[in-house]
Amino acid sequence: MSTLWDDLKGKFSQAKEEAGKIAKIAIDKTTNAVDITKLNIAKGEAESKIGKLYAKIGETIYEQYKNGEEFDGVIGESLIEIDKFKEEADELKAQIAALKSTAPCPNCGQQNDKSSEYCSKCGAKLAENDEPEEDTEEDATVDVAAEE
């Protein structure tokens, strides 16, 4: 019976060692996955910063182009394309505004309901409506009294 007991103890000990190895492998793989995720996040942040810098460079060049500086080649062609897309976007904005019955604020560009007198964003007075307002009975009475 002692040999049976010694044999069981040996197998339990071996199973314990194998379980420890498996646990270590699992921990290493989990740690590795966490490290990869952290690196991917950092890489994404770096790429986002690069994209913002590219956009800033592009905006700077576009402003130079709008101020009269000339550009040749791919940059010049791209700047002309930007102008075309800006025109297209402006036309689409106007169509959307017409469908929504809104008009842009002349001060800040915020779209406001056409019946609004003041901009909902900056508070500037909006252009007068093209539609004539109907006289109410009270207004008609005042007008008649004013004429006498």
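Our structure's up above, just so we're on the same page.
Please read these numbers as outputs of a predicted model, since none were measured by experiment. Throughout, residues of each chain are indexed from 1 in the direction in which the sequence is written. Whole-chain, interface and lining totals are the exception, using all residues; otherwise, since this is a predicted model, local features are given only for residues with pLDDT of at least 70 and side-chain atom pairs are given and counted only at 80 or more. Values reported for side chains reflect all heavy atoms of the structure, with hydrogen atoms and water molecules removed beforehand.

1. What to know about the packing of aromatic side chains
Move 1: By convention, a stacked pair of Phe, Tyr or Trp rings (six-membered ring in the case of Trp) has centres within 6.5 Å and planes under 30 degrees apart, an edge-to-face pair has planes over 60 apart, and any other such pair is tilted. Under the definition given, this model contains one aromatic pair.
Move 2: An angle of 45 degrees between the planes, with centres 5.8 Å apart, marks the rings of Tyr62 and Tyr65 as tilted. Here Tyr62 pairs with Tyr65, and both are found in helix H1 (residues 2–66), just three residues apart, close to one helical turn.
Move 3: Under the scheme applied here, a residue whose accessible area is under 20% of the maximum for its type counts as buried, over 50% as exposed, and between as partly exposed, the area being computed with a 1.4 Å probe on protein chains only. Overall, the relative accessible area of 22% leaves Tyr65 in the partly exposed class.
Move 4: Cation placement over rings: the criterion is NZ of Lys or CZ of Arg within 6 Å of the ring centroid and within 35° of the ring normal. Above the plane of the ring of Tyr118 lies Lys125, whose end atom (NZ or CZ) is 5.2 Å from the centre. Helical segments are the DSSP runs of H or I of at least four residues, strand segments are the runs of E of at least two, and each set is numbered from the N terminus.

2. Some details on the side chain of Asp83
Move 1: As for its placement among the helices and strands, Asp83 is situated in helix H2 (residues 73–100).
Move 2: Overall, Asp83 belongs to the buried group, its relative accessible area being 15%.
Move 3: Any N or O atom pair separated by 3.5 Å or less is treated as a polar contact, with the protein-specific requirement of one donor-capable and one acceptor-capable atom, and with residues adjacent in sequence counted only for side-chain atom pairs. For Asp83, the side chain forms a polar contact with the side chain of Lys66, separated by 3.3 Å.
Move 4: Setting aside anything within four residues of it in sequence, one finds Asp83 in contact with Tyr62, Tyr65 and Lys66. Contacts are assigned to residue pairs that have any heavy atoms within 4.5 Å of one another.

3. With respect to the side chain of Asn112
Move 1: Summarising the element assignment, Asn112 is placed in strand E2 (residues 111–113).
Move 2: You can call Asn112 buried: its relative accessible area is 3%.
Move 3: Contact partners of Asn112, with chain neighbours within four places excluded, come to Ser101, Thr102, Ala103, Cys105, Tyr118, Cys119, Ser120 and Leu126.

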